[in-house]
Amino acid sequence: MSVRVRVAPSPTGAPHLGILRTALFDFLCARHHRGTMILRIEDTDRNRFVPGCEEEIMASLRWLGIDWDEGPDVGGPFGPYRQSERKEAGIYAIWVQKLLDEGYAYWAFDTPEELEEMREYQQVNRQPVGYFGGTWRDASGAQVEAARASGKPGVIRLKMPRGRLLVCDDLVRGRVEFDSDTVDDPVLIKADGMPTYHFAAMVDDHLMEITHIIRGVEWISSAPKHVWLFEAFGWTPPQFVHVQVINGPDGKKLSKRHGDTRVFDFKYAGFLPEALANFVALIGWAPGGDREIMSMDELVEAFELDGLQPSPGVFDIEKLRWMNGHYLRGLSGESLLEKVGAYSGDPDVRAFWARDEHAALPTGPALADLSRALTLDPALAEEAFVLVRERVVTLADFGEACDFVFVDRPVMDPAAVGKWLTVPHARRLFECLAADLVSPEDAISVEACERLVRSFAEGHGIDKLGPVVHPVRVALTGRTVGPGLFELMSVLGRRRMIERFENALRLLP
RNA sequence: GGCCCGGUCGUCUAGUGGUUAGGAUGCCGCCCUUUCAAGGCGGAGGUCGCGGGUUCAAGUCCCGUCCGGGCUACCA
């Protein structure tokens, strides 16, 4: 039987790392087994529905390189793929009626207040909390008819068996057993007529012929409800795969408190999708051996569900940064130009860096300058990107890393000026170089730059290169750190260098 | 409280009865060198949560215990 897996997010908030990871595992599993990847939107909660969220979910997944064969936007033979639409189509009503008819489900008309009271009572009496019988589990047909006739709002609950062992066969954790007496009767259909997750997801998984339910461990406690549902219907349950969710550094479930966990925030922060995907795939799964840097194709090729780790994983942003830098270094000048261009010109990226928590950083303005410079002189920009490629970690770093290339006058770091523009030979050095640089041609090779600097040193009895290199670097970039001097000089060109030397001469004591 | 899941360097992990417990990241040092990176090399960092067993031999199997986490909604 061919593998069919689904990622089933609910549009209740911006998609975060957790859903991304689950989706990635679904995707890798589907592609590895040449099976089918399905996207299903679980929009059964009308109160928490967030408009636009579904679009962001799809955009986030696609950004990462995850696509699907069946889904609300692409259709498929098992549609519709939105649960609200499936509800409208009457799908859940048919199946819950079957359960009602066969005595596996029942109507319950408790008010929210009554339920709250029940829970309080159970808590103070140290009893298991939940709907274990209530007044409606064994109510007579006449009572139910009367309640329905009176127009009382009611829900349909699943009648859990008593005195039974319920087994969830989990691919990651093995056999997980539950005493059915410890699990209460879950609501299947809410008073507004919408199905709950417990009901809709299981019915859909069966109807859509899902072979593996890959979901977060937080679902494992409700697994007995799900396996019972399958048994009540007489269906064979899919393979359960409960993957550990990603935790924050404090060991707690990753949330807003841990900073940016929204998938698109990583995009806005300048991470490459291939780096994020590679990194996230390695939390809770390892290909064996020492492999770490892996393309999506390599991940697909190596991925196996039974390599999944049962223990929780902590999201280590430092390692992500390393990996992102690694991917950045592997990019050609051409693709750097394309990626940095798209990034620095993205209004969402600008908005990200303009947020309160980032507004004080120089990153936003630097990116804006870069975007402008890039459209003015793409060829120069490309050279600049290659120049600093080894020194950046994210796309966002390019702005500050190469701003000195584009500005008319570099911003002079006072400490740098104090240290290197005060050397005795500075004046002579800048005058000589500026004079030597004069030529009708603006371009100059790296080798020529090196010859220029070296010959000055030799001609003036300076045996080490440092005392010459450092003042030149400060004159040209305003800083003491940066790319190799000769490379940087070549990128700048003769005209810019002459201007900057003249500018530096005015700063000399 | 009840039920369930988890526990190998700070972090991600390899490991399926016999390894000096390996790799990666981060940290430190050295090399390279015009700085910073990158890269190369090396180092520190783990009584495999703890305690008992089983075994000639246990991170690996069994029991207990502690700690962490999840669920306990007409949310997913």
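Details of the structure are given in the entry above.
Figured I'd write up the structure that's included with this text. (Residues numbered from 1 in each chain as written. Chains lettered and ligands numbered in written order. Predicted model: local features only at pLDDT ≥ 70, side-chain atom pairs only at ≥ 80, totals over all residues. Heavy atoms only, no water.)

**Focus: the overall build of chain A**
Point 1. Per the secondary structure count, chain A includes 23 helices and 11 strands.
Point 2. For 509 residues, the compact-globule formula gives about 23 Å, and the C-alpha radius of gyration of chain A, at 32 Å, lies well above that figure.
Point 3. Dimensions along the principal axes, computed over C-alpha positions, put chain A at roughly 110 × 45 × 40 Å.
Point 4. A sequence separation of at least 24 residues applies to 75% of the contacts in chain A between residues at least 6 apart.
Point 5. The distance from the centre of the 57 positive side-chain charges to the centre of the 76 negative ones in chain A is 2 Å. (Helix = DSSP H or I, 4+ residues; strand = E, 2+ residues; numbered from the N terminus. Rg over C-alpha atoms; globule rule 2.2 N^0.38 Å. Contact = heavy atoms within 4.5 Å. Lys, Arg positive; Asp, Glu negative; His and termini not counted. Charge placed at Lys NZ, Arg CZ, Asp CG, Glu CD.)

**Considerations on the protein's contact with RNA strand B**
Point 1. Around RNA strand B, the surrounding shell holds 59 residues, and the nearest of these are Lys190, Gly284, Glu292, Arg391 and Gly482.
Point 2. Protein-proximal atoms of RNA strand B, defined as those within 4 Å of the protein, fall in sugar or phosphate at a share of 71%.
Point 3. In this structure, a phosphate oxygen belonging to RNA strand B sits 3.1 Å away from a side-chain N or O atom of arginine 119.
Point 4. Between serine 221 and RNA strand B, the recorded distance is 3.4 Å, taken from a side-chain N or O atom to a sugar or linking oxygen.
Point 5. Here the residues of the surface near RNA strand B are counted per class, giving 24 nonpolar, 14 polar and 21 charged. (Near = heavy atom within 4 Å. Polar contact = N/O pair within 3.5 Å; in protein donor to acceptor, adjacent residues only side chain to side chain. Nonpolar A, V, L, I, M, F, W, Y, C, P; charged D, E, K, R; others polar.)

**A word on helix α4 (residues 91–101)**
Because each turn of an α-helix spans 3.6 residues, side chains separated by three or four positions end up pointing in the same direction.
Point 1. Every buried residue belonging to α4 is among Ile91, Tyr92, Val96, Leu99 and Leu100, and all of these are buried. The buried side chains of α4 occupy one side of the element, clustering within an arc of 155 degrees when seen end-on. The exposed residues of α4 that point more than 90 degrees off its buried face are Ile94 and Asp101.
Point 2. Structurally, α4 contributes buried residues whose contacts are with α3 (83–88), β3 (105–108), β4 (155–158), β7 (187–189), α7 (197–207) and α8 (223–233).
Point 3. Positioned one or two residues after α4, glycine 103 has a phi angle of 80 degrees, which is positive. (Buried < 20%, exposed > 50% of the residue type's maximum accessible area, 1.4 Å probe, protein only. Arc of directions from axis to C-beta.)

**Quick word on the packing of aromatic side chains**
Pairs of aromatic rings are described using the distance from one ring centre to the other and the angle between the two planes.
Point 1. This structure, assessed with the given rule, holds 21 aromatic pairs.
Point 2. Each ring, one from phenylalanine 279 and one from phenylalanine 315, has its centre 5.4 Å from the other, and the planes form 85 degrees; the classification is edge-to-face. Of this pair, phenylalanine 279 sits in helix α10 (residues 273–281) while phenylalanine 315 sits in the loop between β11 (313–314) and α12 (317–329), placing them 36 residues apart in sequence. No difference in accessibility class separates phenylalanine 279 from phenylalanine 315, as the two residues are buried.
Point 3. Where phenylalanine 430 meets phenylalanine 501, the ring centres are 5.5 Å apart and the plane angle is 25 degrees; that geometry is what we call stacked. On the criterion of sequence distance, the pair formed by phenylalanine 430 in helix α20 (residues 426–437) and phenylalanine 501 in helix α23 (residues 485–507) is long-range, its members being 71 residues apart. Each member of the pair, phenylalanine 430 together with phenylalanine 501, is buried.
Point 4. Chaining the aromatic ring pairs together yields one cluster made of Tyr92, Trp95, Phe199, Phe230, Phe233 and Trp235.
Point 5. In this structure, lysine 267 packs its charged tip against the face of phenylalanine 264, placed 4.9 Å from the ring centre. (Phe/Tyr/Trp six-rings, centres within 6.5 Å; stacked < 30°, edge-to-face > 60°. Lys NZ or Arg CZ within 6 Å of the ring centre and 35° of its normal.)

**What about the side chain of serine 490?**
Point 1. Mapped onto the elements of the fold, serine 490 is located in helix α23.
Point 2. Excluding anything up to four places from it in sequence, serine 490 contacts Ile444, Ser445, Val446 and Cys449.

**Describing the sheet that holds β4**
Point 1. Spatially, β3-β4-β7 is the arrangement adopted by the three strands of the open sheet, whose pairing is antiparallel. Looking along the sheet, the strands with just one partner apiece sit at the ends: β3 and β7. In this sheet, adjacent strand axes meet at a mean angle of 45 degrees when their direction is disregarded.
Point 2. Here β3 runs beside β4; their pairing, made up of four bridges, is antiparallel. Note on β4: the bridge partner recorded for tyrosine 106 is arginine 157. (Pairing = 2+ DSSP bridges. Axes fitted to C-alpha atoms, helices over the stretch in contact; angles between N-to-C directions.)

**What about the pairing of strand β8 (residues 212–216)?**
Point 1. In terms of burial, β8 is a largely internal element, five of the five residues being buried.
Point 2. Taken together, the five bridges between β8 and strand β9 (residues 239–243) define a ladder with parallel strand orientation. Of the residues in β9, the one forming a bridge with arginine 215 is histidine 242.
Point 3. The β-α-β motif built from β8, the intervening α8 and the parallel element β9 has right-handed crossover chirality. (Right-handed = clockwise from strand over helix to strand, strands pointing away.)

**Quick word on the pairing of strand β2 (residues 36–39)**
Point 1. Because side chains alternate across β2, one face comprises the buried residues Thr36 and Ile38, and the other comprises Met37 and Leu39, equally buried.
Point 2. Of the pairings in the sheet, the one linking strand β1 (residues 4–7) to β2 comprises four bridges and is parallel in character. Within β2, the residue paired with arginine 6 across the bridge is isoleucine 38.
Point 3. Note on the crossover from β1 through helix α1 (residues 17–32) to β2: the handedness is right-handed.

**Thoughts on the nonpolar core**
Point 1. Judged by nonpolar contacts, the single largest core of 121 residues is most densely connected at Phe385, Phe398, Phe430, Met489 and Phe501.
Point 2. The dominant element in this core, judged by the number of residues it contributes, is α23, at 11 residues.
Point 3. Counting residues in hydrophobic clusters, the runner-up holds 48 residues, among them Trp107, Tyr131, Leu166 and Leu229. (Core = buried A, V, L, I, M, F, W, Y, C linked by side-chain atoms within 4.5 Å.)

**What to know about the side chain of glutamine 83**
Point 1. Mapped onto the elements, glutamine 83 comes out in helix α3.
Point 2. In this structure, glutamine 83 is in contact with Arg40, Ile41, Glu42, Asp43, Thr44, Tyr92, Ala200, Ala201 and Asp204, ignoring residues within four places of it in sequence.

**Here's the deal with the packing of helix α13 (residues 333–344) against helix α15 (residues 363–376)**
Point 1. Between α13 and α15, the least distance of the axes is 9 Å, while the angle of their chain directions is 125 degrees. On the basis of the axis angle, α13 is oblique to α15. Judged by the twist between their axes, the crossing of α13 over α15 is left-handed. Residues Leu337, Val340, Gly341, Tyr343 and Ser344 of α13 pack against Leu367, Leu370, Ser371 and Leu374 of α15. (Parallel < 35°, antiparallel > 145°, perpendicular 65-115°, else oblique. Left-handed = near helix turned anticlockwise from the far one by under 90°.)

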